[in-house]
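# Tertiary structure, described
For reference, the chains in residue letters:
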Amino acid sequence: MATLGLSLSDFNRLVAEHAAALYRMAYRLSGDRHEAEDLVQETFRSAWKSRRLFDAGRGERAWLASILRRRAADQWRSRRPRLVFWGDHQPDLGRAAQDPTRDEYTDEMQEGLERLPGELRETLLLVVVGELTHQEAADLLGIPLGTVLSRVSRARARLREYLMAAAKR
Amino acid sequence: MFWADPNPDAWLDRRLCDLPVPSDLVDRLRREVALGDEVLDAALRDVSVPAGLRGRLMRITWTRRRFGQWVRAAAAAVLIIASSLGYMAAVVGLVATALEPSRPGSGPPVLEVTARSDRLDSTPLVNMEGVELVSQGPATALEVDRPKPQLSPPPVAARGRDLEVWELFAQAGLGDQPGKLDPLLDRYLAAWPETARASPSWYDLPELKKVPGLVRQGVQLPLVAGVDPSFVILYRVHPFLIPAAHPALCISEVPLGVDAASFELTARFLEDGQLPPREVLRTEEFLAAVDFRYPKPNGTPLALHAAGTASPFRGPGLYLLQVGIQAREVPLQPREPVRLVLAVDTSASMRWGGRLEMVRRAVQRLAEQLGPEDRISVVSFSEEATVRAEEVVGSDRESVRAALESLEVGSSTNLAAGLREAYGLAQRYHGKPPGPAQVVIFSDGLAQFDGDTGGALQQRLAEAAAEGVTLHVIDLVQGPVGRDRERWLPRLCRAGKGTVHRASTADQVFWGLAELLTRRSQLVASRVRLRVHFNHQTVAAYRLIGHEAMMFAGLKPAPLETDFYAGQSATALYEIVLTKRPGGQLALADLEWISPETGQRTGIRQPIHRRQLAKRLADAALYVQAAAVVAEAAEIVRETPEVLLVSTGRSAVRFRSPRWSLAYLLALARQLDARLEQNASFMRFLRVMDQALSAKPARSGSLEDLSSPMGL
């Protein structure tokens, strides 16, 4: 019989085994490495807070992914505009105003993902980046297994189409 | 035609196959294969995970598990006590205000404060222009008040609890006709009618947030009628105070013992391309980070300087007034040559609070005072000890600098290893000039030994002390002192015949070292206190910049008295609105201290005149130009709103004008007096703020990280 509750050693194991995958998923969801770190941190913080609800018999990754999904939604809702330092009379200080890490992290893949409809993107990321089984993704999203399969397939096809078009440019 | 072809079938076949093939078909098909599901999936997962993420995640449980329950219980208890005290204080204040008799013809607040001045036998020691130095006998006679400031009583109409502030303004000469609102003040409303907003009621207060704990910061606003204490909590800036509205509002006292902690924190965050949480930023600490180079005292321990300018940021009618205090330098020469062995703790915790950087800056400053006869060695220790510089000639500053630059943060604190290595060096050169070594440990770590190791160490230190090698500790702890620390460090120092010097700023570290070097105290003045008495006839309103008591509504405000060491300075900055009434004296600045040599209380009283305010920033004193930029930059980074004075005498806020964004401000700063470029601390400030331009906003939850036991 599965035991309820998360011990400290369980938690550390969860971090070791799932943090990387969750970070990747968070990054692919948000497109920003800082937000991704925050998301993962908030996810594990929430996991530790609700450790009594942890069911060792069920999918750990799916549990964490469901928390991540909620935190991402919270963050999206509460997102406030970034601090504006540049005013109406912007002096030319010879300084690039854009994020210097943009080229490194905002790749074509991310642009392609952003062009996907939300439900396709989310399903694809849960299955491919979050490495959930199709059934786990179906349970998490509350949709039939067949829908998950078709969404993943359609998402891959559209993403492939975008990347090939981008490669021709 | 096929009938003309000898082989009609072959012709048909050729025609069937004769179809142009798209030129990119092959490439496309290859890419299709290359972009198969596996390749696509691998590309999706190809996101590098930041180093240290797992460690940070694992700390979540560490802090929660050990401290969560304690913190929650303590916070609940403190909140209950704070609420009770706050209510009691408010009730007492209201009752006191209500019971205060309306005395016909009673004088202005300053007169009440100095009512017994005629009994004071004060003897002027120095009479310079506008500066009066008075001696008031021993500190025990301090209850006797100051000489009477020459301020005339307020108008009759301006007294009583039913005071209408607009009437007060009109009587003070600010409005052209009694009862009519002043055009100067109305400009604020006219310019931003949609954003200017009167002070809110208590019902608009935001939800209480989790805070790190009781911190002695800021000044508490007087709990008198006309002052809205919720303003500071809501907007994190002080409102304007009207000196004529209540006696208590004529006097402003400013805490002088401010360090640059939040600026150093900002500098460190910005090195990682990120802004720190705005809740931890404090304007007065940004001001403390810059040496404004006030003129040195001339024959007195402290000098008081005041100057101002028309504010370049808030439009006409508003002035910046700066009051600066500068302590005299204590000469480090002549002195005996020394041999110093500096052992620097480089454990992980030295990274926090800028401690390692503090040591670097202080030792570099010390190295500038060393001569060719001095010798200096540097040892670092974390899990093990390393010699970074051995027996370097004091005048070889480059070697000292290189040794300090080579210090890198490690993991644990092995104090025993550090002591062993440092004393090994001391022993190696024992008997050679310039004499026995003074070993100095810079550490914030707990000295944890078992009984045998501790006993053996004490014995070795005592043996070395008998040969003249002494041990001193610069204790860099910035929080509560633990029991282990209390037990071991003094014991080790006692055994090593040395001293423990606690320091939380680079200046304090340097003063500790300077005392070792010269064997003379660097204390210049103790229990220094600044009071600014505003003249209600010439100053319609004033607002202290910085020093907000944010934590639990100022339940534990900063101490108003502080000690001043050699070369130390302090700054108070106000925004003021002047009345149109003629009269030059705006305020009286009172600086008092106790002389460490005589134990007597001494002071400087200096009037501040209207002529000390420049008409524009570029014409102001250099220190005013620098302080104006620093304070405005701090407020922008803190994301605080601008405070406006509206016709009712209340304060309102509006979002900071983008025109005065940080980029614009920094561009302006570089167009100010060229002599500011020679001020290294000011230029460093500008460089740090440059980094803020491209920095990312603070991460959510980072305030919590800072408040954890592993943080600051």
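Treat the numbers as computed from the prediction; the structure is a model and nothing was measured.

## Topic: the overall build of chain B
- Helix and strand counts for chain B come out as 20 helices and 20 strands.
- In the form shown here, chain B has an accessible surface area of approximately 33200 Å², with 54% of it arising from carbon and sulfur atoms.

## Observations regarding the pattern of salt bridges
- Considering all chains together, one arrives at 35 salt bridges over all chains under this definition.
- Sharing partners across several salt bridges, the network here consists of Glu253(B), Arg527(B), Arg529(B), Arg531(B), Glu561(B), Glu592(B) and Arg601(B).

## What about the packing of aromatic side chains?
- The final tally for this structure, using the stated rule, is 12 aromatic pairs over all chains.
- Between Phe263(B) and Phe685(B) the ring centres are 5.2 Å apart and the planes differ by 20°, which places this aromatic pair in the stacked class. Separated by 422 residues along the polypeptide, Phe263(B) in helix α9 (residues 261–271) and Phe685(B) in helix α19 (residues 680–693) bring together distant segments of the chain.
- Judged by its relative accessible area of 1%, Phe263(B) falls in the buried class.
- Ring geometry for Phe292(B) and Tyr294(B): centres 6.1 Å apart, planes at 50°, overall tilted. Accessibility classification places Phe292(B) together with Tyr294(B) in one group, the buried group.
- Of the aromatic side chains, those joined through ring pairs into one cluster are Phe11(A), Phe44(A) and Trp48(A).
- When the ring centre of Trp48(A) is taken as reference, the NZ or CZ atom of Arg51(A) above it lies at 4.1 Å.

## Examining the confidence of the model for chain B
Residues and elements named next belong to chain B.
- Residues at a pLDDT of 70 or more form 71% of chain B, whose mean pLDDT is 75.
- Across chain B, strand β5 (residues 318–327) holds the top mean pLDDT of 95, while helix α5 (residues 109–113) sits lowest at 29.
- Across residues 480–485 the pLDDT falls below 50, and counting only partners more than four positions away or on other chains, this stretch makes 11 contacts in the model.

Reading the values: the criteria
Residues numbered from 1 in each chain as written. Chains lettered and ligands numbered in written order. Predicted model: local features only at pLDDT ≥ 70, side-chain atom pairs only at ≥ 80, totals over all residues. Heavy atoms only, no water. Helix = DSSP H or I, 4+ residues; strand = E, 2+ residues; numbered from the N terminus. Areas by Shrake-Rupley, 256 points an atom, 1.4 Å probe, with all protein chains shown as cover. Salt bridge = Lys/Arg side-chain N within 4 Å of Asp/Glu carboxyl O. Phe/Tyr/Trp six-rings, centres within 6.5 Å; stacked < 30°, edge-to-face > 60°. Buried < 20%, exposed > 50% of the residue type's maximum accessible area, 1.4 Å probe, protein only. Lys NZ or Arg CZ within 6 Å of the ring centre and 35° of its normal. pLDDT = per-residue confidence, 0-100. Contact = heavy atoms within 4.5 Å.

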